[in-house]
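Given next are the chains, with one letter for each unit.
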Amino acid sequence: MSANTKQRVAIIGSGNWGSSIARVCAQNTIKHSDAFEREVRMWVFEEEVEGKKLTEIINEKHENVKYLPGIDLGENVVAIPDVKEAVKGANILVFVLPHQFVYKVCESLRDVIDPKNCIAISLIKGLDYKDNKLLIFSEEIEKILGVHCAALSGANIASEVAQEQFGETTIASKDLKEGETFVKLFHTDYFDVNVIGDYRGLQVCGALKNIIALGAGICDGLNYGNNTKSAVIRRGLIEMRKFGKSFFGDVHTETFFESCGVADLITTCAGGRNRKVAAAFIKSDKSIEEIEKEMLNGQKLQGTTTSQEVFHFLSSRNMTQDFPLMTAIYRVMYENAPPESIALDLRTREEKA
């Protein structure tokens, strides 16, 4: 990628997190006008809101009224309904879309981007289960598009970032110079960036913490107290680290103490949507899919999908017993196991009769 020309930024995705991060990037393309083109293009899956196209509303009001209402995205964020048009001429691709759409979107971009003059970063929280393997999305993006792909993850609730409440995030990049470019694009006074090299560990944390957050939601649905939820968080962190070390061997223990690790886990278990939806599920007689549809305004949970993928991955290796908390969470959500089994599976010693 040429160091002498200004870089054009494209955001691929426009949910609440995509819109929040587009706002951050838009501020920094203005601040670092020597490094970036001012305009930030954001691909928006076209839909109608009160009889009007969402892209038109965003471009007129500079607000994503459906997924991030009440927040000014900046006049230099331009919503585009065609993903190919959105990334045309872009040097930096920011992937922030549900992980079930990654492959289709990437395949559509192969003949649009110039791999020699483009880098990418994945903000996708999830792993992909394919051919009995769990895959890392930054690596999948690299394979399809032939570009270097970093990753960003952290304790980043979208609405709080949009409101400029202080928080931290972690970027993992294999290339130091590209890491510096991403710091310029994402770091602000309220969004503090730290760069590491462990891109696999970062993405394992970002995926698995959503499963543990379902467990925290189950606790809330049962009206359990903070002691039980703290036990879920602690044991969840242990299982996350064990999973990363077992199946992605070069994962670093230090990564779990970055914002992408323990901080993101705490935040998601305290206020994230996986926790909220799981709590509502426990208190209702509806399926998790019905609750998701009612509560998320068309967006998708990542924790439920990842829970299924991780369970099938472990089952195929006869290793579910090695990850009792994640297994118990899956069984509560999908096999009608009693939700109280969460607390039972946390116990390290069985009482004698």
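Before reading on, note that the structure itself is shown above.
Residues numbered from 1 in each chain as written. Predicted model: local features only at pLDDT ≥ 70, side-chain atom pairs only at ≥ 80, totals over all residues. Heavy atoms only, no water.

1. Concerning the packing of helix H5 (residues 137–145) against helix H8 (residues 199–221)
Stage number 1. The N-to-C vectors of H5 and H8 enclose an angle of 120°; their axes lie 9 Å apart at closest approach. Put simply, H5 runs oblique to H8. Where H5 approaches H8, its residues Phe137, Ser138 and Glu139 are matched on the opposing element by Tyr199, Arg200 and Gln203.
Stage number 2. Of the residues that constitute the contact of H5 with H8, the class distribution is two nonpolar, two polar and two charged. (Axes fitted to C-alpha atoms, helices over the stretch in contact; angles between N-to-C directions. Helix = DSSP H or I, 4+ residues; strand = E, 2+ residues; numbered from the N terminus. Parallel < 35°, antiparallel > 145°, perpendicular 65-115°, else oblique. Contact = heavy atoms within 4.5 Å. Nonpolar A, V, L, I, M, F, W, Y, C, P; charged D, E, K, R; others polar.)

2. Some points on helix H14 (residues 324–334)
Stage number 1. For H14, a buried count of eight out of 11 residues is recorded, marking the element as mostly surrounded by other parts of the structure.
Stage number 2. Of all the positions in H14, only Leu325, Met326, Thr327, Ala328, Ile329, Tyr330, Val332 and Met333 are classed as buried.
Stage number 3. In the stretch just after H14, Asn336 is the one whose phi turns positive, near 60°. (Buried < 20%, exposed > 50% of the residue type's maximum accessible area, 1.4 Å probe, protein only.)

3. What to know about the packing of helix H4 (residues 102–109) against H5
Stage number 1. The N-to-C vectors of H4 and H5 enclose an angle of 25°; their axes lie 9 Å apart at closest approach. When the interaxial angle is binned, H4 and H5 end up roughly parallel. Two packed elements cross with a definite hand, and for H4 against H5 that hand is right-handed. Counting all contacts with H4, which are made through Val102, Tyr103, Cys106, Glu107 and Leu109, the residues of H5 involved are Phe137, Glu140, Ile141, Ile144 and Leu145.
Stage number 2. Here the contact of H4 with H5 is composed, by residue class, of eight nonpolar, no polar and two charged. (Left-handed = near helix turned anticlockwise from the far one by under 90°.)

4. Quick look at the packing of aromatic side chains
Each aromatic ring pair is specified by the distance between its two centres and by the angle formed by the two planes.
Stage number 1. By the definition in use, this model includes 11 aromatic pairs.
Stage number 2. On the numbers, 4.8 Å between centres and 85° between planes, the contact of Phe247 with Phe313 is edge-to-face. Residue Phe247 is located in helix H9 (residues 226–247), and its partner Phe313 is located in helix H13 (residues 303–315); the two are separated by 66 residues in the primary sequence.
Stage number 3. For Phe313, a relative accessible area of 5% corresponds to the buried category.
Stage number 4. An aromatic cluster is defined as three or more aromatic residues linked by ring pairs; in this entry it consists of Tyr129, Phe243, Phe247, Phe313 and Phe323.
Stage number 5. Sitting over the ring of Tyr103, Lys130 keeps its end group 3.6 Å from the ring centre.
Stage number 6. Cation over ring: Lys174 sits above Tyr199, and NZ or CZ is 4.7 Å from the ring centre. (Phe/Tyr/Trp six-rings, centres within 6.5 Å; stacked < 30°, edge-to-face > 60°. Lys NZ or Arg CZ within 6 Å of the ring centre and 35° of its normal.)

5. Notes on the nonpolar core
It is characteristic of soluble globular proteins that their nonpolar side chains tend to be buried jointly.
Stage number 1. Of all hydrophobic cores here, the largest spans 45 residues; its most connected members are Leu208, Ile212, Phe243, Val310, Met326, Met333 and Ile342.
Stage number 2. The element best represented in this core is H8, accounting for 11 residues.
Stage number 3. Leave out the neighbours within four places in its chain, and Met333 touches Leu214, Ile218, Ala278, Phe281 and Ile288.
Stage number 4. Among the nonpolar cores identified, the runner-up in size contains 41 residues, and Ile92, Leu152, Ala158 and Phe191 belong to it. (Core = buried A, V, L, I, M, F, W, Y, C linked by side-chain atoms within 4.5 Å.)

6. So, the pattern of salt bridges
Stage number 1. Going through the model one piece at a time under the given rule, you end up with 18 salt bridges.
Stage number 2. Between Arg41 and Glu85 there is a salt bridge; the shortest N-O distance is 4.0 Å. Separated by 44 residues along the polypeptide, Arg41 in strand E2 (residues 36–43) and Glu85 in helix H3 (residues 83–87) bring together distant segments of the chain.
Stage number 3. The buried category is assigned to Arg41, whose relative accessible area is 17%.
Stage number 4. The salt bridge partner of Glu142 is Lys174, with a shortest N-O separation of 3.1 Å. (Salt bridge = Lys/Arg side-chain N within 4 Å of Asp/Glu carboxyl O.)

7. Re the environment of Cys260
Stage number 1. Within the secondary structure, Cys260 sits in helix H10 (residues 259–271).
Stage number 2. Among the residues examined, Cys260 registers a relative accessible area of 0% and is labelled buried.
Stage number 3. Measuring from C-alpha to C-alpha, the distance between Cys260 and Tyr67 comes to 23 Å, with 193 residues separating the pair along the chain.
Stage number 4. Those residues in contact with Cys260 that sit more than four places away from it in its chain are Ser153, Gly154, Thr170, Leu202, Cys205, Gly206 and Thr255.

8. Quick notes on the pairing of strand E8 (residues 127–130)
Stage number 1. The pairing of E8 with strand E9 (residues 133–136) spans four bridges and is classified as antiparallel. Residue pairing for E9: Asp128 is matched across the bridge by Leu135.
Stage number 2. Between the antiparallel neighbours E8 and E9 lie two residues, among them Asp131 with a positive phi of about 55°. (Pairing = 2+ DSSP bridges.)

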